[in-house]
Amino acid sequence: MCSQVKYVEGTNVVELPYDELEKGADLTESIKHAYGFDGLGLLAVSGVPDLMEKRVRTLPMARKFAMLPDEVKEKTVHKESFYSFGWSHGKEMMKKDTPDWCKGSYYFNPEYNVPFEDEELVRQYPSFCHPNIWPRDDFPDLEHACMDLARLVVRTGFYAARVPAARLHNVIATSRTSKARLLHYFPLPTEAADAATDGSCDSWCGWHNDHGSLTGLVPAMYLDCATGEEVPCPDPGAGLFIRTRAGEVVRALLPPGCLAFQIGETAQVHSGGLLQATPHCVMEPRWDEAMDMPAGACEEQMLSGSAARFLPPGVPLLATRWKRDIDFGAFTTATLQSYYY
């Protein structure tokens, strides 16, 4: 487990009821507490309709797809989009010069199978304009289950974004390029599991910031390797870890049955630093959305929460990928190039 970890009880993660968000209740102060400079950059939404039923149906499909023959999975691999559609395994570089073999990801647009008909747009921005890729012959149930669960996450995020910043809410409401990610974490080999006891807490997924606007997280499921049946979490030290601006590494224990939402770097820029990305699937704005700050915002202040002293090793600095007048498409390309080989 992580050295110098401060455990955060579930009650310490800001929790908001879905029905209050849906009807537009004023929860401004709670959301600011969650997403501001001194917050975790994380909040939980309770009481999301049908969440747990859709979760139990969909998440085990990640393991099922990961166990298919390589030649079947290879049909859905899409290098041209930086592996941002279909299956991706061992392509991300979450640690310097080390491909990430610990997890497999199935990427898709949760709202539109074909977001754009314009072939030039697809060619120019393949990482989020490309049509979805589904294994309809080899795994026909995957598409509907994934889209059904992911659309619920998008809708909940739409409600949760009403208060923090009008622009974030507008991005989610109008975007055709949201990104969803079905994740399967492979059992660590014995030697890797032993190495994880050296004080590091990123054995499954290296430290990073999400580069989009808002990331929704469905509660994880732990499955028996042999049977695929759900089991209790086998390690009380496992889970989501967050690095605070004070330099503490905390384990975020979410209330049971809640959706979680993290702020990404795009929302940090668009809010002028009012909202802060969470160093620790991704909702993205349009490719041509300007990555500009609010009028009068200070660039130094906006970037302050992403300075090297606040980030774990291996997380690329926002200042190396963002500049004035850049659009989201160019920002995405720079970010993907920093994580993929």
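Preceding block: the structure.
Residues numbered from 1 in each chain as written. Predicted model: local features only at pLDDT ≥ 70, side-chain atom pairs only at ≥ 80, totals over all residues. Heavy atoms only, no water.

Student: Is there a simple way to think about the environment of Ala145 in this case?
Tutor: Locating Ala145 in the fold gives a position in helix H8 (residues 141-160). The class for Ala145 is buried, based on a relative accessible area of 1%. For Ala145 and Leu59, which are 86 residues apart along the polypeptide, the C-alpha to C-alpha distance reads 9.0 Å. Sequence-distant contacts of Ala145, that is, excluding residues within four places in its chain, are made with Arg57, Thr58 and Met61. (Helix = DSSP H or I, 4+ residues; strand = E, 2+ residues; numbered from the N terminus. Buried < 20%, exposed > 50% of the residue type's maximum accessible area, 1.4 Å probe, protein only. Contact = heavy atoms within 4.5 Å.)

Student: Would you explain the sheet that holds strand S12 (residues 259-263) in this entry?
Tutor: Pairing between sheet strands relies on hydrogen bonds along the backbone, with the strands arranged either parallel or antiparallel. In space, the four strands of this open sheet follow the order S2-S3-S12-S7, with mixed pairing throughout. Since the sheet does not close on itself, it has two edges, and those belong to strand S2 (14-17) and strand S7 (214-217), each with one partner. Here the average twist between neighbouring strands, direction ignored, is 25 degrees. Bridge count for strand S3 (residues 42-46) against S12 is four bridges, and the pairing is antiparallel. Counted as the bridge partner of Ala44 is Ala260 from S12. (Pairing = 2+ DSSP bridges. Axes fitted to C-alpha atoms, helices over the stretch in contact; angles between N-to-C directions.)

Student: How should I be thinking about the pattern of salt bridges in this particular structure?
Tutor: When the charged atoms of two side chains with opposite charge come close together, those side chains can pair. A full pass over the atoms with the stated rule returns seven salt bridges. Between Lys23 and Glu20 there is a salt bridge whose closest N-O contact spans 2.9 Å. Judged by relative accessible area, which is 61%, Lys23 ranks as exposed. For Arg55, the salt bridge goes to Glu230, with nearest N and O atoms at 3.5 Å. Here Glu230 lies in strand S9 (residues 230-231) and Arg55 lies in helix H3 (residues 51-58), a separation of 175 residues in the sequence. (Salt bridge = Lys/Arg side-chain N within 4 Å of Asp/Glu carboxyl O.)

Student: For this particular structure, what's the right way to read the nonpolar core?
Tutor: One recurring pattern in soluble globular proteins: nonpolar side chains tend to sit buried together. If you look at the biggest cluster of nonpolar residues, it comprises 45 residues, and the most contacted ones within it are Tyr35, Leu43, Tyr106, Phe108, Leu142 and Phe261. Here this core takes 10 residues from H8, the largest share from any one element. Setting aside chain neighbours within four positions, we find Tyr106 in contact with Phe65, Thr76, Gly86, Trp87, Ile133, Trp134, Pro135, Leu142, Ala180, Arg181 and Leu182. Core analysis: the second largest hydrophobic core is formed by nine residues, Val13, Leu42, Ala44 and Ala252 among them. (Core = buried A, V, L, I, M, F, W, Y, C linked by side-chain atoms within 4.5 Å.)

Student: I would appreciate a short explanation of the sheet that holds strand S6 (residues 180-185) in the present structure.
Tutor: If you walk across this open sheet you meet the three strands as S4-S5-S6, and the pairing is antiparallel. Every other strand in the sheet has two partners, leaving strand S4 (86-89) and S6 as the edge strands with one partner each. Along the sheet, successive strands turn relative to each other by an average axial angle of 20 degrees, direction set aside. As paired elements, strand S5 (residues 103-108) and S6 share six bridges and run antiparallel to each other. Bridge assignment links Lys103 to a residue of S6, and that residue is Tyr185. On top of the sheet, H8 reaches S5 and S6; it is set at about 80 degrees to S5, its chief contact.

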